[in-house]
Amino acid sequence: MMSTRSFGLKHYRLLIALACVAVTTPVVAGVPPTVPALENDHPLSSKQVGDLLISELRCAACHGEHTDLGFSAPPAPSLNEVRSRVSIDFLRRYIADPGATDPGTTMPNVLDHLPESQRDSVAADLADYLQSLGTAQFKVGNVDSAEVARGKKLFHRVGCVACHNPRDKDESLVKLKGSVSLSHVEQKYGLQSLADFLFRPHDVRPGGRMPDMRLSRREATQIASYLIGKSKSASPAHQPDPVRVARGKTAFAEHGCAACHALPSQQPKSEPKPAPRWSAANSSRGCLDPKSKTTPRYRLSKEQTDAIRATIGAGPTKLDDRSKLNLTLAAFNCTACHTRAGFSGPTPERNPHFTTDEPNLGDHGRIPPTLDLAGAKFKTLWLQKVLFDAEVVRPYMHTRMPQFGEANTGHLPALFKRTDRLDPVDIPEPSREERRTLRDAGNRLLGDKGLNCVTCHNFNGLESPGFKGMDLMTTFERLEPAWFDRFMRSPGAMRPGIVMPTYWPDGKAVRTDVLDANTEQQIRALWYTFSLGRSAGTPSGMRHVGTKLVVTDKARVYRGRSRIAGYRGIAVGLPGGVNYAFNAETGALSGLWAGEFVSVNWNGQAAGNFNPAARAVSLPQDVSFYRLTDVKAAWPLRPVMTKEQPVNPDPLYPRNRGYRFLGYQLEDGVPTFRYHSDDLRIADRSTVLTAGDRRVLQRTLRFSTPKAQTVWFRALTGSFESNGSAHRLGKLTLTLPQSSLIDQTTVRPFEKAKELLVKLRLPAGESSLEIQYALEP
């Protein structure tokens, strides 16, 4: 709750510019605000460190923007429903003295100028006011000791220790620089509120500095159990005192809390006077002056105050792309896991916690890859998929790629592309006459009768007989041709230390029996083969092992490529013999079938191809939700690739239609898929109902929207028959409910058949819709 105090005139005269104390000024004791990347090695200048501190401390909330860093300062945490999230005792202590209660917090003490007794009273007033805004009560919860053990393993495995202190075997903290303290967590949260935060951290902290680690709900509960440690005695439910609530609401305005925290109930009687701009800064007075009795108190270190002083003294500057990139990577602590230009990466103390299922791949199998030349290496679409869609190609690596939120890092792909350059390399598309020759050559080079790449790499979802390295068929989708060409010629130069031989030393091919030992043509053949995607032939040396997956008394989920669900297919088998497929690339329930579950092409999990084990009813795989301009507007169709046209002509199809996949959570093994359609958030869960001898899938769509809106849902395509709210396609009958959300149902011609469109009018907030899919035996 940083302050731009809305005091009276006598107090406003004392509100002076945020500025740094002189070098000789004593520094406030205590743990300074933690910006993790700044405590490890980094490429930032002193002024840039000051720029980043001004951003991370949210100084602009009072003083206006200083320097455009290319990204926004983190918004303050949401205070909505704080009553159910935070213990009342902790909330009072934190407001009274944030730095003492949560060491390293970036929130200043806005009550420090008050006498201690008055400070505690005002803090209690503010706490009761904030509690009065919520409805649900805070609950402690009971911690399961078995979940504590599982949570400990997850905490040290998935990447939490990149930013937080790891713990040694006797559970004492290993104090490391650059760690965000968790010492307050046990006092702050109950089990459920901490698990909810870990599951969806951006609901409370939208700035993304606490990233979404793609935890399932159970994983979030396990880590919460570990961090809380043991069950606490339940404290009585707190009922806010109306007198304190009224005083707290006034104090919220008087102490400038609304400068950072937005609350709908805060409507000040008059606009607060603006804080002085940076041009009026005085380097010996202001918020950073320990002697000040009227401004927020920060516990900055001498190094931090010196950096901010240098920044204010130099004034605002225009940063180049490389500087903005370095600042972004520091703000989100990307260099805790990745190196770039020789800076940072896992520290020696944290390094052992980066682990893998494929130790024979060396450090490249357990340490996230370097970001050197990332913009020249990766295609823009792939950068977007990794940053915003949680795309994964290293399932053997235990550390997860965090999701910081597109609102926070949406600028990164373009920034990488502008910063990192390589001289272009043209790998020509083969003519029709060349295709067979290059395809056969590429297939031979990849197999055990060529360069034997399949000994160490999976291929098109098939497991390698040796190491299970990254799937080769992601190459064309991920890499730029210039980087690929250089990597093929000299792997060690582009990825130092990689466990991969050089097949074209000094530009000469080691396989002289393929394409006349022509290096350019061999590399071209590989590139073309990778471009074929799922239609590429399987190289010699790969195993084809077919197996059926069986559903017993629990739901089963299998992820992989499939004709019925696309490249990012997810098959779900439910007890009772009802199965369906979900296309995560577009957010479509793309097929249903009864009976046996799926067949896959080898024993194992992950990204193998799957096919329904019984005849399926196929549903459209295009985006399911869209905002049509009118009922006559055409539905946006996904691009279709063929052998003749293997390259996706519209790779941004889902994104440009507003779709974002957010992952899924499992409850009793049943997935709830989460995705966006523009600003509409959707939770999509299906369960089984019994209706005589029919098997019914009940699909529940839960909507969350910040404002009332209209959206169309494309429910069905094909030669179906309609009878009121029921629509029959083969052995499938889709039944729409009688719901106030349904404004209009339209059946119209589509290609040589029909399509069923449902117009939904959704109110602001939460709503839901249930659709039934009945399958005949």
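Anyway, here's the lowdown on the structure attached to this text. Keep in mind that this is a model prediction, so the values were computed, not measured.

## Things to note about helix α14 (residues 321–331)
No. 1: With nine of 11 residues buried, α14 lies mostly within the body of the structure.
No. 2: Tucked inside the fold, the buried residues of α14 contact α2 (46–56) and α18 (412–419).
No. 3: Positive backbone phi, at 55°, marks asparagine 333, one or two positions downstream of α14.

## Regarding the packing of α14 against α18
Working note: a packed helix pair is described by the angle between its axes plus the distance between those axes.
No. 1: The contact between α14 and α18 brings their axes to 9 Å, and the two run at 135°. In terms of their interaxial angle, α14 and α18 are classed as oblique. Note that α14 runs across α18; the crossing there is left-handed. For the pair α14 and α18, the contacting residues are Asp321, Arg322, Lys324, Leu325, Thr328 and Leu329 in the first and Leu412, Leu415, Phe416, Arg418 and Thr419 in the second.
No. 2: Of the residues in the contact of α14 with α18, the class split is five nonpolar, two polar and four charged.

## As for the packing of helix α21 (residues 481–489) against helix α23 (residues 519–531)
No. 1: In contact at an axis separation of 11 Å, α21 and α23 are set at 125° when each is read in the N-to-C sense. It follows from the interaxial angle that α21 and α23 lie oblique. In this structure, α21 meets α23 at a crossing whose hand is right-handed. Counted together, Pro481, Phe484, Asp485, Met488 and Arg489 of α21 and Thr519, Glu520, Ile523, Leu526, Trp527 and Phe530 of α23 form the full contact between these two elements.
No. 2: Its residues assigned to classes, the contact of α21 with α23 comprises seven nonpolar, one polar and three charged.

## What about the side chain of arginine 524?
No. 1: Tracing the sequence through the fold places arginine 524 in helix α23.
No. 2: Excluding anything up to four places from it in sequence, arginine 524 contacts Ile427, Pro428, Glu429, Pro430, Ser431, Glu434 and Leu438.

## Focus: the pattern of salt bridges
No. 1: Overall, the coordinates contain 48 salt bridges when judged by the stated rule.
No. 2: Between glutamate 56 and arginine 209 there is a salt bridge, with the nearest N and O atoms lying 2.8 Å from each other. Residue glutamate 56 is found in helix α2, and its partner arginine 209 is found in the loop between α10 (191–199) and α11 (217–228); the two are separated by 153 residues along the sequence.
No. 3: In this structure glutamate 56 comes out as buried when scored by relative accessible area, which is 7%.
No. 4: The salt bridge involving arginine 681 is made with aspartate 203; its shortest N-O contact spans 3.3 Å. In this pair, arginine 681 is assigned in strand β12 (residues 680–691) and aspartate 203 in the loop between α10 and α11, connecting sequence segments 478 residues apart.
No. 5: Arginine 681 gets classed as partly exposed once you look at its relative accessible area, which sits at 25%.
No. 6: Overall, the relative accessible area of 41% leaves aspartate 203 in the partly exposed class.
No. 7: Residues participating in the shared-partner salt-bridge network are Lys385, Glu391, Glu477, Arg568 and Glu585.

## Describing the pairing of strand β16 (residues 726–729)
No. 1: Covered by surrounding structure in β16 are His727 and Leu729 only, the residues Ala726 and Arg728 on the alternate face being uncovered.
No. 2: Two elements, strand β15 (residues 721–723) and β16, share three bridges in a ladder whose sense is antiparallel. Looking across to β16, one finds that serine 722 is bridged to histidine 727.
No. 3: Both β16 and strand β17 (residues 732–735) contribute to a ladder of four bridges, which runs antiparallel. Looking at the pairing, leucine 729 lines up with leucine 732 of β17.

## As for the nonpolar core
No. 1: Of all hydrophobic cores here, the largest spans 77 residues; its most connected members are Leu52 and Phe484.
No. 2: Going through the elements one at a time, α2, α13 (302–314), α14, α16 (380–389), α18, α19 (432–446), α21 and α23 are the ones with two or more residues in this core.
No. 3: Counting the residues that make up this core, at least three belong to each of domain 2 (322–419) and domain 3 (432–536).
No. 4: Ignoring any residue separated from it by four or fewer positions in sequence, one finds phenylalanine 484 in contact with Ile427, Thr475, Leu479, Ile523, Leu526, Trp527 and Phe530.

## Things to note about the packing of aromatic side chains
No. 1: Applying the stated criterion across every chain, the model contains 20 aromatic pairs.
No. 2: Feature note: the residues Phe582, Tyr659, Phe661, Tyr664, Phe673 and Tyr675 constitute an aromatic cluster, connected by ring pairs.
No. 3: Positioned above the aromatic ring of phenylalanine 750, the side-chain terminus of arginine 714 is 4.7 Å from the ring centre.
No. 4: Here the guanidinium or amino end of lysine 754 rests over the ring plane of phenylalanine 720, the centre of that ring lying 4.8 Å away.

## What to know about the side chain of glutamine 522
No. 1: Relative to the assigned elements, glutamine 522 resides in helix α23.
No. 2: Leaving out residues up to four positions away in the same chain, glutamine 522 has contacts with Leu445, Trp504, Ala509, Arg511, Val514, Leu515 and Ala517.

## Let's talk about helix α12 (residues 242–254)
No. 1: Given a rise of 1.5 Å per residue, 13 residues ought to cover 18 Å, and the 19 Å separating the end C-alpha atoms of α12 matches this to within 8%.
No. 2: Every buried residue belonging to α12 is among Val245, Gly248, Ala251 and Phe252, and all of these are buried. Along the axis of α12, the buried residues cluster in a sector spanning 125°; they form a single face.
No. 3: Considering only its buried residues, α12 is in contact with α7 (116–132).
No. 4: Positive phi appears at glycine 256, one or two residues downstream of α12, with a value of about 70°.

## A look at the pairing of strand β14 (residues 709–718)
No. 1: By the criterion of burial, β14 is predominantly enclosed, with nine of the 10 residues buried.
No. 2: Pairing analysis gives two bridges linking strand β9 (residues 625–626) to β14, with the strands arranged antiparallel. Looking at β14, one finds that tyrosine 626 is bridged to tryptophan 712.
No. 3: Of the strand pairs in this sheet, β14 and strand β19 (residues 753–762) are connected by nine bridges, and their pairing is antiparallel. Of the residues in β19, the one forming a bridge with valine 711 is leucine 760.

## Quick look at the environment of asparagine 458
No. 1: Inspection of the secondary structure assignment puts asparagine 458 in the loop between α19 and α20 (475–478).
No. 2: Look at asparagine 458 and you get buried, because its relative accessible area is 16%.
No. 3: Put simply, asparagine 458 and lysine 468 are 10 residues apart on the chain and 5.8 Å apart in space, counted from C-alpha to C-alpha.
No. 4: Side-chain polar atoms of asparagine 458 contact the backbone nitrogen of serine 464, separated by 2.9 Å.

## A word on the sheet that holds strand β3 (residues 566–574)
No. 1: Taken together, the five strands give an open sheet; going across it, the order is β2-β3-β4-β5-β8, and neighbouring strands pair in antiparallel fashion. In this open sheet, the two strands that pair with only one neighbour each are β2 (556–562) and β8 (617–618).
No. 2: Relative to strand β4 (residues 578–583), β3 runs antiparallel, the two sharing six bridges. Directly across from glycine 573, in β4, lies its bridge partner asparagine 579.

## Comments concerning the sheet that holds strand β7 (residues 610–612)
No. 1: Read from one edge of the open sheet, three strands run β1-β6-β7, paired in antiparallel fashion. For this open sheet the edge positions go to β1 (547–549) and β7, each flanked by a neighbour on one side alone. With direction set aside, neighbouring strand axes in the sheet form an average angle of 30°.
No. 2: One ladder, built from three bridges, connects strand β6 (residues 598–600) with β7; its direction is antiparallel. Bridge pairing links serine 599 to asparagine 611 in β7.

Conventions and cut-offs
- Residues numbered from 1 in each chain as written.
- Predicted model: local features only at pLDDT ≥ 70, side-chain atom pairs only at ≥ 80, totals over all residues.
- Heavy atoms only, no water.
- Buried < 20%, exposed > 50% of the residue type's maximum accessible area, 1.4 Å probe, protein only.
- Helix = DSSP H or I, 4+ residues; strand = E, 2+ residues; numbered from the N terminus.
- Contact = heavy atoms within 4.5 Å.
- Axes fitted to C-alpha atoms, helices over the stretch in contact; angles between N-to-C directions.
- Parallel < 35°, antiparallel > 145°, perpendicular 65-115°, else oblique.
- Left-handed = near helix turned anticlockwise from the far one by under 90°.
- Nonpolar A, V, L, I, M, F, W, Y, C, P; charged D, E, K, R; others polar.
- Salt bridge = Lys/Arg side-chain N within 4 Å of Asp/Glu carboxyl O.
- Pairing = 2+ DSSP bridges.
- Core = buried A, V, L, I, M, F, W, Y, C linked by side-chain atoms within 4.5 Å.
- Domains from an automatic or database assignment.
- Phe/Tyr/Trp six-rings, centres within 6.5 Å; stacked < 30°, edge-to-face > 60°.
- Lys NZ or Arg CZ within 6 Å of the ring centre and 35° of its normal.
- Expected span 1.5 Å × (residues − 1).
- Arc of directions from axis to C-beta.
- Polar contact = N/O pair within 3.5 Å; in protein donor to acceptor, adjacent residues only side chain to side chain.

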